[in-house]
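Residue-level structural notes
Chain by chain, the residues run as shown.
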Amino acid sequence: MSKESIKNSIELELSKSTNELSKKLESYKIDILKVIPPPEIAWEIRDDEAEEFILIGTLGNFSMVKGKAKSKKSFFINMAISAAVSKGLIQNKIRSPLKDDFNQVLYFDTEQSEWHVQKAVKRICSQIGVGIPSNLNTYNLRKLSPSERLKLIEYAIENTPNLGFVVIDGIRDLVTSINDEAEASNIASKLLKWTEEYNIHIVVVLHENPGSDKARGHIGTELMNKAETVIALQVDKSDDKISTVTAGFCRNKSFKPFAFEITDDGLPKI
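Residues numbered from 1 in each chain as written. Predicted model: local features only at pLDDT ≥ 70, side-chain atom pairs only at ≥ 80, totals over all residues. Heavy atoms only, no water.

1. Structural notes on the pattern of salt bridges
For clarity, the threshold we go by: Put simply, a salt bridge is a Lys or Arg side-chain nitrogen that is within 4 Å of an Asp or Glu carboxyl oxygen. Secondary structure follows DSSP: runs of H or I at least 4 residues long count as helices, runs of E at least 2 residues long count as strands, and numbering of each begins at the N terminus. Buried means the residue's accessible area, taken with a 1.4 Å probe over protein chains only, is under 20% of the maximum for its type, while exposed means over 50%, and partly exposed covers the values in between.
The full count for this structure, using the stated rule, is twelve salt bridges. Among the salt bridges present, the one from Glu-208 reaches Lys-66, with a minimum N-O distance of 2.7 Å. Note that Glu-208 is positioned in the loop between β9 (201-207) and α6 (217-226) and Lys-66 in strand β3 (residues 61-67), a separation of 142 residues in sequence. For Lys-226, the salt bridge is made with Glu-222, and the minimal N-O distance between the two is 3.0 Å. With Lys-226 and Glu-222 both in helix α6 and four residues apart, this pair spans about one turn of that helix. Residue Lys-226 is classed as partly exposed on the basis of its relative accessible area of 28%. Each of Arg-46, Asp-48 and Lys-93 takes part in a single network of salt bridges with overlapping partners.

2. What about the sheet that holds strand β1 (residues 41-47)?
Applicable threshold: Only strands that DSSP links by at least two bridges are regarded as paired with each other.
Strand order in the open sheet formed by four strands is β2-β1-β5-β4, with antiparallel pairing between adjacent strands. Only two strands of the sheet have a single partner each, and these edge strands are β2 (52-58) and β4 (89-90). Taken together, the six bridges between β1 and β2 define a ladder with antiparallel strand orientation. Following the sheet pairing, Glu-44 is matched in β2 by Leu-55.

3. Description of the side chain of Asn-78
Defined as follows: Whenever two N or O atoms come within 3.5 Å, that pair is a polar contact, provided that in protein one can donate a hydrogen and the other can accept it, and provided that, for residues adjacent in sequence, both atoms are side-chain atoms. Residues count as neighbours in contact if any of their non-hydrogen atoms are within 4.5 Å of one another.
Along the chain, Asn-78 falls in helix α2 (residues 73-86). Side-chain polar atoms of Asn-78 contact the side chain of Arg-123, separated by 2.5 Å. If sequence neighbours within four positions are ignored, Asn-78 has contacts with Tyr-107, Ala-120, Arg-123, Ile-124 and Gln-127.

4. Thoughts on the pairing of strand β11 (residues 242-250)
One ladder, built from seven bridges, connects strand β10 (residues 229-235) with β11; its direction is antiparallel. Opposite Val-230, over in β11, you have Phe-249 as the bridge partner. Where β10 folds back on β11, the antiparallel hairpin that results is connected by six residues.

Shown next as C-alpha cells:
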C-alpha cells in the first residue's frame, strides 16, 4: 500500500470517528422545548411543625447515609426500607410513595453476619406488619470480594423487574481501597448509570472518618459530591441510646433534625 493510500485510509477513519462523536454529542443535547416531567419521589421525611413532607430522594438519583460506627445507621436504613416496601408512613416520619411499577426493593448488606442481616429483615417485617414481604429481596454479601459484590449487585439491578428502591449498606466494601481515586470514580459512575438507566433510587451507607464528620476516603468525597441528599447520623452526646438525624447536603429543601431510639423489642422509635 502506498503512502498516499495509507494517508487516505487514516483520514477516512478520523472522519468516521468525528462523525460518530458528533452524532453522539447531539443525542445528549438538551432541548429547551422538550416537556420533561419531574422525577418521581422515592422517599421523603415529614416535617412535623410545617405538616409537610420534605423530599429526600427521587427516582433517577442516589442518596447517602453517613455516620460514625455504631451510630445506628442500619436501624435508620431499616425504616427507609420499611417505607419503600409498604408504601406506608413509618413512625409518622418516613414514607416512600413508589408506584406499583416501581415497587420492588433490593437490600444488600456487606458488613453484618447472616444472623444479623436476617434480624434486620425481621425488624422490617415487624415495622410493616407483614410476615414475608413479596417485594423485598435481601442479600448478605459479607463473604465475597469487592469485585464479586459489585458484579452481583449490578446483575440484580439489571434483572429485577419493577425495581424502584435499592439499599447498599456498606458501599465502601465494593472497592479495595477507599482512597483509590479510580475506584471511587468508577463506583460513582456506576451509581449514576444504574439510577438513570433503570429509573431507580439507590441509598448507600458509608462510615465517617473517626476524627471528623467527613465520609471516609476518596469514595466518600466523590459520593457526597454526586448524591442528591446526604444524611448524617450521630449518637447523642448526653444519651448513647439516642441517635440524631440531620440533613448534610441537599439539592432539595433541607429537613429539620430529629432523633430516634431503639426500644426494648429492638425497633427504632422516633
